[in-house]
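# Notes for the structure review
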Amino acid sequence: NMFTKAITKKPCKALIDGISTAQFVEAGEKPEYELSARQHDKYVEILESLGLEVLDLEADERYPDSCFTEDPAVVMERCAVITNPAKDSRNGEKEEILPAIRKFYSDDQIFHIEAPGTMEGGDVMRVGDHFYVGQSDRTNAEGARQFNEIVTKFGYTSSTVPVTEGLHLKDFAIYLENNNMLVTETVNKLEAFKDFNRFVVSPDELYAINSLYINGTVLVPEGYPKTLKIIEDLGYPVKLVDTSEFKKIDGSLTCLSLRF
Ligand code: CIR
């Protein structure tokens, strides 16, 4: 499916208080606001260069992680699901993304994951009209069940897969269309993905799994030569993106936008 639109949100100065497990950097490394703002602008520019019309929302200092618009909603052609982010510091993002979603979807196309269900968009990986939903610390079984009930009404399907290595499903598996998937060694063993062409990313380049396919091109984070080569060898045109500041708070390429 071709994307024509994206919703992004500018990083705020409170970004330094974003949730971090330091899984990709040294503990204590804090994002630098000015540089993150420049990296964000560049990211938006790249989406635009790939033909997307981008709604770039203003920064919101109340929510340190709010530049990661992928998490408070999951959007598709026929409906939009407002999620229920698991962490207190992020939960309010679901209210803030709603007006933006309303610009593109009518009230009868907008649904909500309700407590005790939790979900974040980083756990949702789309393959055609199917959604793989990672069950993680952020997305629970009830969240996944509600999501399934919603999307099924619109002709989509979904199934769950376990997330056992860290934050979100899409940090450990990413679909690059054409049946190609980047995976960790652990995800590579999942029965659910056995029919894909799977490419195992080197353990020292885990962050690069979260590359982003957009309309034929793959955005790849800067600094991961082995993964870059895998993607280039598959024949995709690539664009390198510097995400150094977002990486410090566990953020990567898909997190930075909602695409539809
Ligand atoms: C968090 O822990 O929620 C943020 N610091 C990072 C969110 C990254 N989002 C994503 O992978 N979709």
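Keep in mind it's a predicted model, so treat the numbers as computed, not measured.

Definitions and limits used
- Residues numbered from 1 in each chain as written.
- Predicted model: local features only at pLDDT ≥ 70, side-chain atom pairs only at ≥ 80, totals over all residues.
- Heavy atoms only, no water.
- Helix = DSSP H or I, 4+ residues; strand = E, 2+ residues; numbered from the N terminus.
- Buried < 20%, exposed > 50% of the residue type's maximum accessible area, 1.4 Å probe, protein only.
- Pairing = 2+ DSSP bridges.
- Right-handed = clockwise from strand over helix to strand, strands pointing away.
- 1 Å grid on protein atoms, 1.4 Å probe; cavity = no way out; pocket = protein on both sides within 12 Å on 5 of 7 lines; lining within 4 Å.
- Points joined across faces, edges and corners; volume = space filled by probe spheres on them.
- Nonpolar A, V, L, I, M, F, W, Y, C, P; charged D, E, K, R; others polar.

## Quick notes on unusual backbone geometry
It is generally the case that most residues other than glycine have a negative phi and that most peptide bonds are trans. Omega for the peptide link from alanine 115 to proline 116 comes to 5°, which places this bond in the cis form. Phi is positive for glutamate 177, close to 65°, though the residue is something other than glycine. Among the secondary structure elements, glutamate 177 is positioned in the loop between strand 9 (173–175) and strand 10 (180–183). A positive phi angle, close to 50°, is found at asparagine 178, a residue other than glycine. Looking at the element boundaries, asparagine 178 is found in the loop between strand 9 and strand 10.

## With respect to the pairing of strand 1 (residues 5–9)
Buried residues dominate strand 1, accounting for four of its five residues. Both strand 1 and strand 2 (residues 53–57) contribute to a ladder of five bridges, which runs parallel. Along strand 2, the bridge assignment pairs threonine 8 with aspartate 56. One crossover worth recording links strand 1 to the parallel strand 2 by way of helix 1 (residues 33–49), and it is right-handed.

## Describing empty space enclosed by the protein
Considering all chains together, one arrives at two cavities of 30 Å³ or more under this definition. Of the pockets and cavities examined, the largest cavity occupies roughly 100 Å³. Together, 13 residues line the largest cavity, and Phe68, Asp71, Arg90, Leu167 and Ile249 are the ones closest to its centre. Across the lining of the largest cavity, the residue classes break down as five nonpolar, two polar and six charged. Its volume calculated, the second largest cavity comes out at about 60 Å³. Surrounding the second largest cavity, Lys9, Asp60, Tyr63, Ser66, Pro72, Glu93, Glu96 and Ile97 form its lining. Among the elements that make up the lining of the second largest cavity, the one with the highest residue count is helix 3 (residues 93–102) (three residues).

## Thoughts on the layout of surface pockets
In this approach a probe as big as a water molecule rolls over the atoms, and the regions it shows empty are the leftover space. One number sums up the size of the largest pocket: a volume of about 580 Å³. Listing elements by their share of the lining of the largest pocket, those giving two or more residues are strand 3 (73–75), strand 6 (124–127), strand 9, strand 12 (212–214) and strand 15 (258–259). With four residues, strand 6 is the largest single contributor of residues to the lining of the largest pocket. A breakdown of the residues in the lining of the largest pocket according to their chemical character gives 18 nonpolar, six polar and seven charged. Approximately 160 Å³ is the volume attributed to the second largest pocket. Lining the second largest pocket are Ile19, Thr21, Gln23, Lys87, Asp137, Arg138, Gly166, Leu167 and Asp250. Of the residues in the lining of the second largest pocket, the class split is two nonpolar, three polar and four charged.

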